[in-house]
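Residue-level structure breakdown
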Amino acid sequence: MTKYISIKNNQTIPLQDIPVLKYEDFLEHNTSLLKEEHNHCMSYFGFPQGGKLKLICCMANDKEHTINISSSVINADSTLPSFTQHHLSFHIFEREIHENYGVKYSDHQWLKPVRFSFNRADKNSQIKNYPFYQIESEELHEVGVGPIHAGVIEPGHFRFICNGEQILHLEIQLGFQHRGIEKLFLEKKKLLQRTTLAENIAGDTVAGHTTAFVNLWENLCGFKADDDLQFSRTLALELERIAIHTGDLSAICTDIAYQLGSSVFGRLRTPVINYFQVWCGNRLAKGLIRAGKNNFPFTKELGEQLIHLFNEYEPDFKEMYDEFKTLPSVLARLEKTGVVTREQASSIGTVGMSAKMSGIVRDIRTTHPHDLYSQLHHEPIIKNHSDVYSRTQIRKKEILQSIDYLKTLLKNIPNENKNRQELKSPSPNSFAVSLTEGWRGEICHCAITDEKGELLHYKVKDPSMHNWLAVALAVRNNEISDFPICNKSFDLSYCGHDL
Amino acid sequence: MLENIKILYHQGKQYIPDVSTAKVPGIFRGRPIISNAKIDEQALVDLCPTGAIQKNPLSIDLGKCTFCGECAFASPDKIKFTSDFKISANEREQLIIKEGDDKHIQLNPELIRKEISKYFSGSLKLRQVSAGGDNSCELELNACGNVNFDMGRFGIEFVASPRHADGIVITGPISENMAEPLQICYDATPKPKILILAGTDAISGGIFSDSPAINRSFLSKYKIDLYVPGNPIHPLTFINGILDLIRKRK
């Protein structure tokens, strides 16, 4: 009996083609896959089906460039052995299943609320009564930060247990940003409304999430994206990476009180996001990416403006970065700060920069390429020290790499297809999955349709789902004064996690 | 040290000299103009993702608009978005642009409380609360303080504690899970204080307006001093809106 179905990124299959396993076999199959590091869990979720709960697990195989999907049907009130007991990377997904549907796990070590979603199973579980981990001791003290932070950022609560200035433990409580996005995907019936929702999952990853959505939607509708559509999406993803990475370098400088770096990187981001405005009328690319069409065709003139932008950006960027990396006062703050070991990063299933900082090659652009990435033959930037400095270096190198990619792409701007195929309605009884590599890492959207082709379930996974635990581990044994720089070096999404 | 000075020299002047007359690059979608052309109005009403378009006469509510521009693509003769970024208002009705309207949006001086210009015209410290915001308005509020927009030159700054603040800037549709922290923050801010809603999500809930996960009851309790539309807000919309608010006198 087959235990799974193997598909490619952006593929739609009949829902019934996903093998349904007994829960014990389902557990055994998926957890044993993780003995190999080229496998990891992309998404694992449940959805109600005929009074029962269907669990669907999507495992990426980075070597074969495939996604293995298997499922199991259970009663929502059952008590099950957990995947987490075998591999920690499942912890967040099982917590989510527990929170949303009330499934109990007999041996999950950390079965705590994820985001206090409005439709959670246990309404007595309240965000103000989060069960924080505590240590009884006369020497230790607790520090609570948030949910509202000192800067202009999103809310989340951080609870530190410290020994003097040293952090022993950090627990991160999220959920403050929960807006019920997954439910709204089902309730809002117009495509434009759903696209707007995708743009609002995380406003700093508009290109990432919207590309994941439109690729999935087009696939579900049997639409093959023309070259010019794929071109625009690839361009937008890389531009977004350049813009946000540059802004993050500025923020890292701010957190170590290096004023010049903060100002220069901050102002270098401005022309990049202004370019989005020149192209599509919005500095963060809202409105740019649409399923089955492109309101803002990319022209030769736009290409020339972008080359001009890079010609001005690169020397200023390199001059600033070269100075930044030679300053002892900078390096002293970044090196060996906020280390997550390779073993930790691998065991919690990190993705994106949080994986690449510790030698784990995990990048959808290489392993599950979409749009024009198969032409670019992307080589992920890998670092091994897993500290704040590694994450800083990855940003710098990815910026320069993205500029190179864009220059390559701009040599061959595809013409707008004026005779586009029409977008049909989604195929019924189907399952579709779409992966993109946003600047933060792997974004995964899954959709399930009913017999009429209506959305039955929509699942969004932001890379932050995997990576928040990495922040908590990174700060252990660091001074509490290094927390801001550790947090910023990951720059994870609150709203992408809380949905 | 020398290297630092060299970089400073190479950067030159980066600030926008006059934020009130600056031109935004490209095809920015700011205040729309709706012509008298006869078209199928119902089609536009149906098209809008957030119900910002109403008919008889055709109008666009900038407090609900996501500025996606789809209506202007569907009906270019009827709707045109101009690059006028000065779209902040202190009356909710001012944000509703009707057929034939083509005048700048200006704050209603009658509605500006007198303590605002008395206490805040030279210095305004703001506390920002993201209540379900998607980090786009938050990025743009941060950009207000960068070397390009340099809001600090007008004495306007974001501060780290409500105790130091003269007012609160809310972004996001106000999630249920943020309703209580927002209230606590507001209560901790000393009087007199102002309340600003930044972005479509904050003003109307935007695409989330009918989500069961949001709770906007906070807004019914207090007077809103400034509405800053946008998805996200443009830094120039925000800065000009605030300058008008604190400098205008009855």
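Because the structure is predicted, anything quoted here is derived from the model rather than measured. (Residues numbered from 1 in each chain as written. Chains lettered and ligands numbered in written order. Predicted model: local features only at pLDDT ≥ 70, side-chain atom pairs only at ≥ 80, totals over all residues.)

So, on to the sheet that holds strand E10 (residues 226–228) of chain B. Residue and element names in this part refer to chain B. Sheet architecture is open: five strands sit in the order E7-E6-E8-E9-E10, paired in parallel fashion. The open sheet has two free edges, formed respectively by strand E7 (156–158) and E10, since each of these has just one partner strand. The average undirected angle you get between the axes of adjacent strands in this sheet is 25 degrees. Of the strand pairs in this sheet, strand E6 (residues 124–130) and strand E8 (residues 167–171) are connected by five bridges, and their pairing is parallel. Each bridged residue has a counterpart across the sheet, and for Leu126 the counterpart in E8 is Gly167. Taken strand by strand, helix H5 (residues 136–144) contacts E6, E8 and strand E9 (194–198), and its axis lies near 140 degrees from that of E8. (Pairing = 2+ DSSP bridges. Helix = DSSP H or I, 4+ residues; strand = E, 2+ residues; numbered from the N terminus. Axes fitted to C-alpha atoms, helices over the stretch in contact; angles between N-to-C directions. Contact = placed C-beta atoms within 7 Å.)

Let's shift gears to the domain arrangement of chain A. Residue and element names in this part refer to chain A. By domain assignment, chain A separates into domain 1 (5–107) and domain 2 (181–498). Between the C-alpha centres of domain 1 and domain 2 there is a distance of 26 Å. Between domain 1 and domain 2, the contact holds 24 residues from the first and 27 residues from the second. Where the side of domain 1 that touches domain 2 is concerned, the elements lending two or more residues are strand E2 (11–14), strand E4 (39–49) and strand E5 (52–61). (Domains from an automatic or database assignment.)

In this section: helix H1 (residues 23–33) of chain A. Residue and element names in this part refer to chain A. For H1, the set of buried residues is Phe26, Leu27, Asn30, Thr31 and Leu33. Buried residues of H1, viewed axially, fall in a sector of 150 degrees; they line one side. Along H1, the residues that are exposed and aim more than 90 degrees away from the buried face are Glu24 and Ser32. Residues of H1 that are buried sit in contact with strand E3 (20–21), E4, E5 and strand E6 (66–74). (Buried ≥ 20, exposed ≤ 12 C-beta atoms within 10 Å, placed from the backbone. Arc of directions from axis to C-beta.)

Moving on to the interface of chain B and chain A. Facing 53 residues of chain B, the contacting portion of chain A comprises 48 residues. When residues of the side of chain B that touches chain A are assigned to their parent elements, the largest contribution, six residues, is made by helix H6 (residues 176–188) of chain B. Residue composition of the side of chain B that touches chain A, grouped by class: 26 nonpolar, 20 polar and seven charged. (Nonpolar A, V, L, I, M, F, W, Y, C, P; charged D, E, K, R; others polar.)

Across soluble globular proteins, nonpolar side chains have a tendency to be buried as a group. A:Cys58 and B:Ala198 are the most contacted members of the largest nonpolar core, which has 203 residues in total. Looking at this core, the element that brings in the most residues is helix H6 (residues 227–255) of chain A, giving twelve residues. (Core = buried A, V, L, I, M, F, W, Y, C linked by C-beta atoms within 7 Å.)

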